[in-house]
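# Architecture and fold: a report
Chain by chain, the residues:
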Amino acid sequence: MRRVEAETLDHLPEDDPHAIRSRRDLRRVNRVMGNLPILDSLLGASLLRAPSHIAELGAGDGTLLLRLARRRAREWPGVTLTLVDRQDLMSAQTRAAFADIGWIARAAVVDVFDWLEREDHPRYGAVVANLFVHHFEGDALSRLLRGIARITDCFIACEPRRARIALLGSHLLGAIGVNQVTRRDAVLSVRAGFRDREFSACWPPDDGWQLTEMDARLFSHAFAAVRRART
């Protein structure tokens, strides 16, 4: 069973030295997990046309989406990004790097539920989440997914895989030099992660959605929900 517990990083001030180091660690963790190519592959397979607007939930410092943008900028020109997070972590350098490739990055510093309940959303070409959805369970998870389904026709998530191999990997992260916050949170993340069809079981029931859920590489679990046009 999933076990969701509060992770240390979520409750540290953004300028805390341990938090700054842990956010830097997460870039390395994402590379070890291979989350960027997983997200990129699912987006490429799911989107029938270039998106004009993408939102990321729990975006952190925005560097993962910057790497995705550099991969896709020629194929998807002029995308507007909304990076949703409770803390304002995107640096001026990251924002400028988006601008250099023709993408506009906007930070939405707000609780995700407050953001989802706004009435002024554009229709997002895609909403993505990386290592974010595992923080929610029960009614909160259902509410999150209902809110996402209301504002987009494509949702892509890459989360920790709840499996022995991933739990072992989380215990061994000290070998790549991450700090104690990252080591503790990694174990908790795996225990709160997903497996089998757990994501799909929580997605709002609607025959118009095509759901894909799978283990991805050794440590990740991926989910895609795409609303297909009715014929």
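What counts, and where the lines are drawn
Residues numbered from 1 in each chain as written. Predicted model: local features only at pLDDT ≥ 70, side-chain atom pairs only at ≥ 80, totals over all residues. Heavy atoms only, no water. Salt bridge = Lys/Arg side-chain N within 4 Å of Asp/Glu carboxyl O. Buried < 20%, exposed > 50% of the residue type's maximum accessible area, 1.4 Å probe, protein only. Helix = DSSP H or I, 4+ residues; strand = E, 2+ residues; numbered from the N terminus. Arc of directions from axis to C-beta. Contact = heavy atoms within 4.5 Å. Pairing = 2+ DSSP bridges. Core = buried A, V, L, I, M, F, W, Y, C linked by side-chain atoms within 4.5 Å. Polar contact = N/O pair within 3.5 Å; in protein donor to acceptor, adjacent residues only side chain to side chain. Phe/Tyr/Trp six-rings, centres within 6.5 Å; stacked < 30°, edge-to-face > 60°. Axes fitted to C-alpha atoms, helices over the stretch in contact; angles between N-to-C directions.

## Re the pattern of salt bridges
Enumeration over the complete set of coordinates arrives at 14 salt bridges. Residue Glu75 is joined to Arg72 by a salt bridge in which the shortest nitrogen-to-oxygen separation is 2.6 Å. A residue is classified by how much of its surface remains accessible, and Arg72, at 11% relative accessible area, is buried. Residue Arg123 pairs with Asp153 through a salt bridge whose shortest N-O separation is 2.8 Å. One end of the pair, Arg123, is in the loop between helix 5 (112-116) and strand 4 (126-130); the other, Asp153, is in the loop between helix 6 (138-151) and strand 5 (154-160), and 30 residues separate them in sequence. The exposure class assigned to Arg123 is partly exposed, which follows from its relative accessible area of 43%.

## Things to note about helix 4 (residues 92-100)
Of the positions making up helix 4, those classed as buried are Thr94, Ala97 and Phe98. The buried residues of helix 4 occupy an angular sector of 100° when the element is viewed end-on, so they sit on one face. For helix 4, the exposed residues set more than 90 degrees away from the buried face come down to Ala92, Gln93 and Asp100. Where helix 4 is buried, its residues touch helix 3 (63-72), strand 2 (80-85) and strand 3 (104-109).

## Some thoughts on the pairing of strand 7 (residues 220-227)
For strand 7, the buried fraction is high: seven of the eight residues fall into the buried class. Bridge count between strand 5 and strand 7: seven bridges; the pairing is antiparallel. Looking across to strand 7, one finds that Cys154 is bridged to Val226. Pairing of strand 6 (residues 209-216) with strand 7 involves eight bridges; the strand directions are antiparallel. By the bridge assignment for strand 7, Leu211 is matched with Ala225. Counting the residues that bridge the hairpin from strand 6 to strand 7 gives three residues, and of these Arg217 lies at a positive phi of roughly 55°.

## Thoughts on unusual backbone geometry
Located in the positive-phi region is Asp196, a residue other than glycine, with phi close to 55°. On the secondary structure map, Asp196 appears in the loop between helix 8 (180-191) and helix 9 (198-202). Judged by relative accessible area, which is 53%, Asp196 ranks as exposed. Non-glycine residue Arg217 carries a positive phi angle of around 55°. Along the chain, Arg217 turns up in the loop between strand 6 and strand 7. Judged by relative accessible area, Arg217 falls into the exposed class, the value being 54%.

## A short note on the nonpolar core
Across soluble globular proteins, nonpolar side chains show a tendency to be buried alongside one another. Core analysis: the biggest nonpolar cluster contains 32 residues, and Leu43, Leu81, Leu83, Phe98, Trp103 and Ile156 have the highest contact counts within it. Elements with a contribution of two residues or more to this core: helix 2 (35-46), helix 3, strand 2, helix 4, strand 4, strand 5 and strand 7. Judged by nonpolar contacts, the second largest core, of 29 residues, contains Leu57, Leu144, Phe194 and Phe199.

## As for the side chain of Asp25
Tracing the backbone through its elements, the reader meets Asp25 in helix 1 (residues 17-33). Classification of Asp25 as buried rests on a relative accessible area of 1%. Here Asn179 takes part through its backbone nitrogen, which lies 2.9 Å from a polar atom of the side chain of Asp25. Discounting chain neighbours no more than four positions away, the residues touching Asp25 are Gly177, Val178, Asn179 and Thr182.

## Points about the packing of aromatic side chains
The geometry of two aromatic rings is summed up by the distance between their centres and the angle between their planes. The final tally for this structure, using the stated rule, is nine aromatic pairs. Ring plane angle 65° and centroid distance 5.2 Å describe the contact between Phe132 and Phe136, whose orientation is recorded as edge-to-face. The class of Phe136 is buried, set by a relative accessible area of 13%. Ring-pair connections join several aromatic residues into one group, and the members of that group are Phe155, Phe194, Phe199, Trp203, Trp209 and Phe223.

## As for the sheet that holds strand 7
As a general point, the strands of a sheet are linked pairwise by backbone hydrogen bonds and lie either parallel or antiparallel. Here we have seven strands laid out as an open sheet, ordered 3-2-1-4-5-7-6, and mixed in their pairing. A strand with exactly one partner marks an edge of an open sheet, and here the two such strands are strand 3 and strand 6. In this sheet, neighbouring strand axes are inclined to one another by 15° on average, regardless of whether the strands run parallel or antiparallel. Two elements, strand 2 and strand 3, share six bridges in a ladder whose sense is parallel. Bridge pairing links Thr80 to Ile104 in strand 3.

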